[in-house]
Amino acid sequence: MLGVVEVLPQHTGIAAQSDLARLSLKRSNGCIVRLISSKPKVCIIGGGFAGLNAAQQLKSGDYDVTVVDPEPYVEWLPNVHEIISGIKNGEELRLDRRRIVQRLGHRFEQTCATDLNAAAVTLANGKIVSFDACIVSTGGVANYFGVEGVSAHAIGMKSVDDCQRIAKKLRMGSLGHKTTRVAVVGGGIEGVEALGEALRAYRYKPQFEFYMVDNHQKVLSGCAGNLDSQVKSHVRNFSVDFQLGSRVSEVHKEGITLDNGKVVHSDVTIWSGGVAPSSLLYNAQLADGPDQWGEVNYAFQSRHYDNVFVVGDAAKTPKPLSKQAFHAIDMGRFAGQNVARYLSGRRLKKFEASFKPQVVTFGDMDTFMVFDGFSVSSSVLGAAKEAVYTLGLLQLSPPDNPKDFMRSVDLLQKSLRKVYIPAVNPLNLVSKLPKAKFFRR
Ligand SMILES: Cc1cc2nc3c(=O)[nH]c(=O)nc-3n(C[C@H](O)[C@H](O)[C@H](O)COP(=O)(O)OP(=O)(O)OC[C@H]3O[C@@H](n4cnc5c(N)ncnc54)[C@H](O)[C@@H]3O)c2cc1C
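This report concerns the structure included in the present document. (Residues numbered from 1 in each chain as written. Predicted model: local features only at pLDDT ≥ 70, side-chain atom pairs only at ≥ 80, totals over all residues. Heavy atoms only, no water.)

Now for the site of the ligand. Lining the immediate environment of the ligand, one finds 31 residues, of which Ala50, Asp69, Asp313, Gln324 and Lys385 sit closest. Take Phe49: an N or O atom from its main chain is 3.1 Å from an oxygen atom of the ligand. Between an oxygen atom of the ligand and a side-chain N or O atom of Arg97, the distance comes to 3.0 Å. Surface burial for the ligand is 90%, taken as the share of its 990 Å² of free accessible area covered by protein chains. For the shell around the ligand, the element with the highest residue contribution is helix 9 (residues 325–343), accounting for three residues. Residue composition of the shell around the ligand, by class: 14 nonpolar, nine polar and eight charged. When residues of the shell around the ligand are assigned to domains, at least three fall in each of domain 2 (41–142 + 275–343) and domain 3 (150–271). (Near = heavy atom within 4 Å. Polar contact = N/O pair within 3.5 Å; in protein donor to acceptor, adjacent residues only side chain to side chain. Areas by Shrake-Rupley, 256 points an atom, 1.4 Å probe, with all protein chains shown as cover. Helix = DSSP H or I, 4+ residues; strand = E, 2+ residues; numbered from the N terminus. Nonpolar A, V, L, I, M, F, W, Y, C, P; charged D, E, K, R; others polar. Domains from an automatic or database assignment.)

See below:
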């Protein structure tokens, strides 16, 4: 948005770099015509955890902010696996992204960013969004590790849609007597959570067989404590087979072929192989290779452009951070504040990551709280994950009208009925509390 127009003599010098970014210069009759934006322009690419938290820091009265994202909904991914068992149906994990952005007084472009340089973002809808500062928070895409057949024959776990597809297939399987083999590829946090939900709903159904495949020798190998044996002890009496220590070489209609030649037959293959960078990072030269994340300094400034900040899962920070929502939220807020400092010529602050334990649920059988160096397990901890979800949604989109308020009350009631009460009711505590355990690395 162009506000003031000034005509300056040709010798005029422009000092501060932040000024430079805000100016649009044109030569006219031997003079420089300076077009000053009334508010500094900020473009945020990706309206997920990091992007929306950055947007909240930039007041619409002070900044002209555009948020770009192709997806209409913000999805609360940390609880998305609960769709598999039917504990959540998916709609309660979604918020209208346009509404959140517009309530902040910002502009929403529902499309993909395809490229950017130091001054503007190119959008897939043909528009160009110029900026003084840009925040890139594109998260990640499912990582197939180049394995053939994944996109055709497996279902990822990156969205509500994905998990609704898995839930539907399992529900169909439960209606007949034919054996339904469910294979989860990836024994990390998301894979274990997916298996837990499938078991929550179907472990007593005799037609179901479950498989977990991972190239590591243990499941949850990245978590402190030997949680592998704890997970396996819960499923000892059910039809669960662990195929560990081998890579998947191909996914096909009938199942999975491992690099040791073994075939795991599967009717529903769930792919939970982690995340890879969005192609935008490499296209825009924010990353050094197509499989690299956007390298930044401690202030989240890209190595390539001073006025482009990369945050959340998309960022490769000087001190590696796990790709988790709580880091993305903190990074987004911090980047929003640093962008404001950058645009007013102030010194940028250095980010110090705060540590928060990660909560990993294993259906209704257990919940692990993973710290740095040890883990604690107890089924009552499931209530902690639910609390983060209910409070997180309220923080992203606080109710501002009676309809919204009723939706929030409804979500809270569902959480109470399906998660809090089953997790912490006194009768359950009698049987569950003694099971609380401590695992050292
Ligand atoms: C199944 C699952 C379970 C998880 N469980 C947990 C958990 O229990 N605890 C936890 O802390 N974390 C968990 N995570 C990780 C957490 O969800 C991520 O760390 C977090 O979402 C990262 O936030 P972000 O803002 O960086 O990216 P995202 O939330 O992924 O947002 C990125 C946004 O960018 C948009 N985008 C991408 N490319 C473009 C483009 N070119 N142009 C415009 N927009 C674009 C996308 O549409 C998306 O909306 C889980 C993730 C998954 C998939």
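Before going further, it helps to examine the nonpolar core. Counting residues in hydrophobic clusters, the biggest one holds 99 residues, and the most contacted among them are Leu116 and Val136. With ten residues, helix 9 is the single largest residue contributor to this core. With residues up to four places along the chain from it excluded, the contact list for Leu116 reads Ile45, Val121, Cys134, Val136, Ala284, Leu286, Tyr305 and Val308. (Core = buried A, V, L, I, M, F, W, Y, C linked by side-chain atoms within 4.5 Å. Buried < 20%, exposed > 50% of the residue type's maximum accessible area, 1.4 Å probe, protein only. Contact = heavy atoms within 4.5 Å.)

By the criterion of burial, strand 4 (residues 41–45) is predominantly enclosed, with five of the five residues buried. Along strand 4, one buried face is formed by Lys41, Cys43 and Ile45 and the opposite face, lined by Val42 and Ile44, is buried too. Pairing between strand 4 and strand 5 (residues 64–68): five bridges, direction parallel. By the bridge assignment, Cys43 is partnered in strand 5 with Thr66. The β-α-β motif built from strand 4, the intervening helix 2 (residues 49–57) and the parallel element strand 5 has right-handed crossover chirality. The pairing of strand 4 with strand 12 (residues 133–136) spans four bridges and is parallel. Paired with Ile45 across the bridge in strand 12 is Val136. (Pairing = 2+ DSSP bridges. Right-handed = clockwise from strand over helix to strand, strands pointing away.)

Attention now moves to the packing of aromatic side chains. Scanning the entire structure with this criterion turns up ten aromatic pairs. Their ring planes at 85° and their centres at 6.0 Å tell us that Phe300 and Phe334 sit as a pair that is edge-to-face. Of this pair, Phe300 sits in the loop between strand 22 (294–295) and strand 23 (308–310) while Phe334 is found in helix 9, placing the two residues 34 residues apart along the sequence. Neither Phe300 nor Phe334 differs from the other in exposure class; each is buried. Between Phe371 and Phe374, the ring centres sit 4.6 Å apart and the planes meet at 10°, which makes this aromatic pair stacked. Among the aromatic residues, ring-to-ring pairing joins Tyr202, Phe208 and Phe210 into one connected group. Between Lys232 and the ring centre of Phe242, over which it is positioned, the NZ or CZ distance is 5.5 Å. In this arrangement the basic side chain of Lys350 is found over the ring face of Tyr298, its NZ or CZ atom lying 4.8 Å from the centre. (Phe/Tyr/Trp six-rings, centres within 6.5 Å; stacked < 30°, edge-to-face > 60°. Lys NZ or Arg CZ within 6 Å of the ring centre and 35° of its normal.)

One full turn of an α-helix is made of 3.6 residues, so residues set three or four places apart face in the same direction. Look at helix 10 (residues 382–396): 22 Å from first C-alpha to last across 15 residues, which is about the 21 Å you get at 1.5 Å a residue. For helix 10, the complete set of buried residues consists of Gly382, Ala383, Lys385, Glu386, Tyr389, Thr390, Gly392, Leu393 and Leu396. (Expected span 1.5 Å × (residues − 1).)

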